[in-house]
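An overview of the molecular structure
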Amino acid sequence: MRAFDRRHPLVWDVLVTGFFVTAAFTDVLGGGWRYITQNPQAPTWLIVTLSLGFTVPLLWRRTHPVAILLPMLPLAVVNAWTGTDLQSSLTLLVVTFNIALHTALRTLLASYAVTMIPIVVDGFRNATEQAADQSPDQTIVPQATRLAMVAIVGISYRTRQEYLASLVERAAQLEVERDQQARLATAAERTRIAREMHDIIGHNLSVITSLADGGSYAAAKNPERAAQALTAIGTTSRQALGELRRLLDVLRTDPSATEPPGAEPPGPALGPALGLEPPGMEMAPQPSLTDLDHLIEGVRSAGLPVRTTIHGYATALPPGRQLTVYRVIQEALTNTLKHGGPDATSTVSVSYGNGGAVTATVTDTGRGSTAQGNGSGGRGLTGMRERTALYGGTLESGPLPDHGWRVHLHLPEETPQ
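Every value quoted in this text rests on a predicted model; they were computed, and no experiment measured them. (Residues numbered from 1 in each chain as written. Predicted model: local features only at pLDDT ≥ 70, side-chain atom pairs only at ≥ 80, totals over all residues. Heavy atoms only, no water.)

A look at the overall build of the chain
The number of helices and strands found in the chain is 13 helices and five strands. Counting over 417 residues, the chain shows a buried share of 40%. Sequence separation of at least 24 residues holds for 73% of the intrachain contacts in the chain that already meet a minimum separation of 6. In the form shown here, the chain has an accessible surface area of approximately 22900 Å², with 62% of it arising from carbon and sulfur atoms. (Helix = DSSP H or I, 4+ residues; strand = E, 2+ residues; numbered from the N terminus. Buried < 20%, exposed > 50% of the residue type's maximum accessible area, 1.4 Å probe, protein only. Contact = heavy atoms within 4.5 Å. Areas by Shrake-Rupley, 256 points an atom, 1.4 Å probe, with all protein chains shown as cover.)

Concerning unusual backbone geometry
The phi torsion of most residues other than glycine is negative, and most of the peptide bonds are trans. Here Asp85, not a glycine, exhibits a phi torsion of approximately 55 degrees, which is positive. Checked against the element boundaries, Asp85 lands in the loop between helix H4 (65-81) and helix H5 (91-102). Judged by relative accessible area, which is 19%, Asp85 ranks as buried.

Considering the packing of aromatic side chains
Here the structure, examined in full by the defined rule, presents two aromatic pairs. Measuring from centroid to centroid gives 6.4 Å for Phe97 and Tyr157, while their planes differ by 40 degrees, and the two rings are tilted. You can see Phe97 sitting in helix H5 and its partner Tyr157 sitting in helix H7 (residues 136-219), a full 60 residues away along the chain. The class of Tyr157 is partly exposed, set by a relative accessible area of 35%. (Phe/Tyr/Trp six-rings, centres within 6.5 Å; stacked < 30°, edge-to-face > 60°.)

A look at the sheet that holds strand E2 (residues 346-352)
Pairing is mixed across the open sheet formed by five strands, whose spatial order is E1-E2-E3-E5-E4. Both edges of this open sheet fall to strand E1 (306-311) and strand E4 (394-399), since each of them pairs with a single strand only. Shown here is a sheet whose adjacent strand axes are inclined to one another by a mean of 10 degrees, direction ignored. Bridge count between E4 and strand E5 (residues 405-411): six bridges; the pairing is antiparallel. Opposite Gly398, over in E5, you have Arg406 as the bridge partner. (Pairing = 2+ DSSP bridges. Axes fitted to C-alpha atoms, helices over the stretch in contact; angles between N-to-C directions.)

Notes on a positive patch on the surface
Residues Arg2, Arg6, Arg7 and Arg160 make up a contiguous surface patch of positive charge. With three residues, the single largest contributor to the positive patch is helix H1 (residues 2-7). Among the structural elements, Arg6 can be located in helix H1. (Patch = residues over 30% accessible without salt bridge, like charges linked within 9 Å, V, L, I, M, F, W, Y side chains within 5 Å. Salt bridge = Lys/Arg side-chain N within 4 Å of Asp/Glu carboxyl O. Lys, Arg positive; Asp, Glu negative; His and termini not counted. Charge placed at Lys NZ, Arg CZ, Asp CG, Glu CD.)

Considering helix H11 (residues 319-339)
End to end, H11 covers 30 Å across 21 residues, agreeing with the expected 30 Å (1.5 Å per residue, within 8%). Of all 21 residues in H11, 18 are buried, a share of seventy percent or more. Taken from the residues just after H11, Gly341 is the one with a positive phi, measuring 100 degrees. (Expected span 1.5 Å × (residues − 1).)

Observations concerning the packing of helix H3 (residues 44-55) against H4
Where H3 meets H4, the axes come as close as 10 Å, and the angle between the chain directions of the two elements is 140 degrees. Between H3 and H4, the angle falls in the class oblique. Considering how the two elements wind past one another, H3 and H4 form a crossing that is left-handed. Mapping the contact onto sequence places Leu46, Leu50, Gly53 and Phe54 in H3 and Met72, Leu75, Ala76, Val78 and Asn79 in H4. (Parallel < 35°, antiparallel > 145°, perpendicular 65-115°, else oblique. Left-handed = near helix turned anticlockwise from the far one by under 90°.)

So, the confidence of the model for the chain
Of the residues in the chain, 80% reach a pLDDT of 70 or more, and the chain-wide mean stands at 80. Throughout residues 374-378 the model reports pLDDT below 50, and contacts reaching past four residues in sequence, or to other chains, amount to 10 contacts. (pLDDT = per-residue confidence, 0-100.)

Focus on the nonpolar core
Considering soluble globular proteins, one finds that nonpolar side chains tend to be buried as a cluster. Leu289, Val325, Ile329 and Leu333 are the most contacted members of the largest nonpolar core, which has 30 residues in total. With six residues, the top contributor of residues to this core is H11. Contact partners of Leu333, with chain neighbours within four places excluded, come to Ile296, Val299, Leu304, Val306, Ser346, Val348 and Val362. Among the nonpolar cores identified, the runner-up in size contains 20 residues, and Val28, Leu50, Phe54 and Leu108 belong to it. (Core = buried A, V, L, I, M, F, W, Y, C linked by side-chain atoms within 4.5 Å.)

Here it is in structure tokens:
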């Protein structure tokens, strides 16, 4: 109804005005006004004029409340002075309510003061004609109190409207800020991936260049060594090409076209924020599984006991896969530190298979909070899942049956190039 009124305000104004006009003329035509008036001999033209003057201006009560009060005041004075006392004069309360609702407090006080004029006139007239029965204060005070109560109700309703409007505006601002933060987090993560691509290109092209120089030097004296160099160049090139294809699948996507407003993007890992990586780590080479011991020692020094189990060796694992495993373990341990509680312990199990396959499981004995699964407002593990998807892997995260939390990562064997 409020939305319809905002779109079509004239409909409600006509309905309200028509109601009061109908009520006023029902009072006039039915003769009901004669039961409360002090002047039953008042002419009909005066009764009709006063009834129209008190009701028709209500059509503009919301757009021009002060403007319609000015012509209604002389009619109210005439109504009080002649003793007609039509009930339609009570529409002054409706006008006062709208003045309190739509204008400043100073305007309301001035309107209240001028509206008191017909009330005072009516009080002194009653005191003059019925001096033995009533004094002016017995007539003026109740009407003034009634007018003040209507003004207070209008102020209260206006205050609530302004409060609700401020809440709506604040919610809109928070939504805009949330979208901005989401885009910034997405841009930050894509920048990190771009730096990883730079490391892959720089490393592999350096190796290829060195092998090519050595092969050309050995071609004349040792053709067998030259052939070995060419084989190594092919292997390195295929590995670099596979890494670049996976990264470009992410980087070529336009975030404004694929991510709806308010979507929670993948964010950077939580390690740097909690001091698990030294300042400036973003500019240094990305960590690998050789840095896993340093990460676990940092977590232990932060107060979380960690037990590790390693099966196999990570020497043949490509750098991109090592980074993914490292980040997932880092995120899981960081969430345990934040949400596991003071007595939590953690277990890290990593198993390396053939062809680049790897499985990592991180469990803890903490409280298993839902916030732990969300990981920094939904960005931590979401980013890890995106990293895992680059290699066709799976990442599972959820509470254990009794208590605690489990994060399970599995990367399958690499597809032959």
